[in-house]
Amino acid sequence: MELDLKKLKLRNVNDTLQNLDRKKNERDFTIINPEGNHAVCAGLNKEMNVTIKGHVGYYCAGMNQKANITIEGNVGTGVAENMMSGKVHVKGNASQSAGATAHGGLLIIDGDASSRCGISMKGVDIVVKGSVGHMSGFMSQSGNLIVCGDAGEALGDSLYETNIYIRGKVKSLGADCIEKKMDKKHLNKLKKFLKDAEIKNFKAESFKRYGSARKLYNFKIDNSY
Amino acid sequence: MCGIVGIYLKNEKLNNSLGSLLAEMLINMGSRGPDSAGFAIYNNEKGEKLKYSICINNLDYENFKKELSEYLDDADIRKNSDHVILKTKKKANDVLKILKDHFKNTSLVGYGKSIEIFKQVGSPNDVVKKFNLNKYSGTHAIGHTRMATESAITTDGSHPYSTGEDECLVHNGSLSNHNNLRRKLKKKGINFDSENDTEVAAGYISNHLANKKNLKETLNDGLRDLDGFYTFITGTRNGFAVLRDEIACKPAVIAETKDYVAIASEFQAMAHLPGVNNAKIFEPEPGVVYSWGS
């Protein structure tokens, strides 16, 4: 089914997708002319495939559950923010705070993501084929952030238990973020992510792993940060 | 919040539609700034005369015209709503003094060889219609929609700000050290008409440019001297530049094609531009000066 945002109101489009008619077997949708609208495909909670043809604005696919959403263009701030499950695939670049606070699911970004990618992530897996900007993984709590390119300043600042894998250069590490040893179990996990994201040209062995030194969030009276 | 937009044309064929392209961008950004709006258009006029964009507020236009011609014998005046464009060969300092001494109820919004600035309180849609932006042509233009946060909703509080010949600035964000900086710049002889933070940044830029620094050097120094949140678009006679602070909380997205470079707070403001879906679209990096033209 094709939904044209030039003819339909955003609210109608989201309403259709949020309240699927279960009597119909329609589960594949294409949205055309998104023209930078905000909150396209926010709050979907059923299994379905949605392809958005063009660039979208803020909070695209926010709060997603179960749906498989592909954006053939760039996304604005907060793509897949607070996603619970499902898959969001951005074929262009993403603006800041991609995957913010997301609890689950898989977010794939083919281009670059700007600052604060994966801020406060709580279990989502994020794969960025390009680079990420500053403060990425800030206060991230769990899940995996995989970056095939470089990372900006203060990577993983004040993070808890997220695993960060970076293939390129890291401009600087944030407070309490350190490089960690890549064990076999991490390599195996990473290989699975690369496979899921259809990344064939990079080997898991070429990534470095970063995580928490656990000195900041465990209360220590002589903490000297 | 505020919305900022700008467009710099590389292909002369688009010059006639500059106004209508910018108008759509401004109207779309009404969602980020419903209080006031303003725009600066550069139209690369030949000749030696300087143009002065003056807001005459509630003054009677015919009276103003008559009184002004008593001081300026070659005054060529064109009216556009409550703004007038004055052209004269007289020296800038003399004209500025005449306006300051004898026309206290008017405000000079900008002057230069190429620039014309219009700004007013009201919704961007109304402001755009009021000044007939659609009909303007030119080489590049910048605009602003305002949601006032740190000074009153007045014409003086609206953007763009111009503190030097053919220079102007629009700003999304807020500066925290503007009072200190204003004091320093006042000592260097720069005048300010409002309590607005952006006017200080505009004064800072003009002061640097007057000291023979180029736009790129000026903005790089600005990264050190201007404290706060900002995405700036600054226009000069032949070009424009974009700068975001190093934390980059304030949004910006750039779309570049072979015909133009456009920038806006949100992509939706550019969705109507010709060929934008095949443009190179990217987010300007924090603390990096991007400039086009000179």
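No experiment lies behind these values; they were computed from the predicted model shown.

1. Re the overall build of chain B
Each helix and strand counted, chain B has seven helices and 15 strands in total. Taking 294 residues into account, the globule formula puts the C-alpha radius of gyration at 19 Å, and chain B, at 18 Å, falls close to it. C-alpha atoms of chain B, sized along the principal axes, occupy 55 × 40 × 35 Å. Buried positions account for 49% of the 294 residues belonging to chain B. Across chain B, contacts joining residues at least 24 apart in sequence account for 74% of those joining residues at least 6 apart.

2. Details of the pairing of strand β11 (residues 239-244) of chain B
All names here are of chain B. Within β11, five of the six residues are buried, leaving the element largely enclosed by the surrounding structure. Two elements, strand β10 (residues 228-236) and β11, share six bridges in a ladder whose sense is antiparallel. For I233, the partnering residue across the bridge sits in β11 and is V242. The antiparallel hairpin formed by β10 and β11 contains two residues in its connecting segment.

3. A word on the domain arrangement of chain B
Residue and element names in this part refer to chain B. The domain boundaries assigned to chain B delineate domain 1 (3-44 + 123-293) and domain 2 (45-113). For domain 1 and domain 2, the distance between their C-alpha centroids amounts to 24 Å. Counting residues at the interface gives 14 residues for domain 1, matched by 12 residues for domain 2. Broken down by class, the residue content of the side of domain 1 that touches domain 2 amounts to three nonpolar, five polar and six charged.

4. Side note on the environment of H102(B)
Position of H102(B) relative to the elements: it lies in helix α3 (residues 92-102). Residues H102(B) and I7(B) lie 95 residues apart in sequence; the distance between their C-alpha atoms is 36 Å.

5. Brief notes about the sheet that holds strand β5 (residues 87-90) of chain A
Residues and elements named next belong to chain A. Strand order in the open sheet formed by 11 strands is β1-β2-β3-β4-β5-β6-β7-β8-β9-β11-β10, with mixed pairing between adjacent strands. Two strands in the sheet have a free side with no partner beyond their single neighbour: β1 (2-4) and β10 (177-180). Within this sheet the neighbouring strands show an average axis-to-axis angle of 15°, counted without direction. Together, β6 (106-109), β7 (122-128), β8 (142-147), β9 (163-166) and β11 (208-212) form the strand contacts of helix α2 (residues 184-196), whose direction differs from that of β8 by roughly 65°.

6. Focus: the interface of chain B and chain A
Opposite the 11 residues of chain B that make contact, chain A presents 14 residues. Of the residues belonging to the side of chain B that touches chain A, the class tally is seven nonpolar, two polar and two charged.

7. Let's talk about the sheet that holds strand β13 (residues 260-264) of chain B
All names here are of chain B. Spatial strand order, β7-β2-β8-β1-β13-β12-β14: seven strands in an open sheet with antiparallel pairing. With one partner strand each, in any of the chains shown, β7 (115-121) and β14 (280-282) form the two edges of the open sheet. Put simply, the sheet's adjacent strands are angled 10° from each other on average, direction ignored. One ladder, built from three bridges, connects strand β12 (residues 253-256) with β14; its direction is antiparallel. Looking across to β14, one finds that I254 is bridged to F282. Seen against the sheet, helix α1 (residues 18-28) touches β1 (3-9), β2 (36-42), β8 (140-146) and β13 and runs at an angle of roughly 160° to β1.

8. Digging into α2(A)
For α2(A), which comprises 13 residues, the first-to-last C-alpha distance of 18 Å matches the rise-based estimate of 18 Å (1.5 Å per residue) to within 8%. Phi turns positive, to about 55°, at E198(A), one or two residues after α2(A).

Analysis parameters
- Residues numbered from 1 in each chain as written.
- Chains lettered and ligands numbered in written order.
- Predicted model: local features only at pLDDT ≥ 70, side-chain atom pairs only at ≥ 80, totals over all residues.
- Helix = DSSP H or I, 4+ residues; strand = E, 2+ residues; numbered from the N terminus.
- Rg over C-alpha atoms; globule rule 2.2 N^0.38 Å.
- Buried ≥ 20, exposed ≤ 12 C-beta atoms within 10 Å, placed from the backbone.
- Contact = placed C-beta atoms within 7 Å.
- Pairing = 2+ DSSP bridges.
- Domains from an automatic or database assignment.
- Nonpolar A, V, L, I, M, F, W, Y, C, P; charged D, E, K, R; others polar.
- Axes fitted to C-alpha atoms, helices over the stretch in contact; angles between N-to-C directions.
- Expected span 1.5 Å × (residues − 1).

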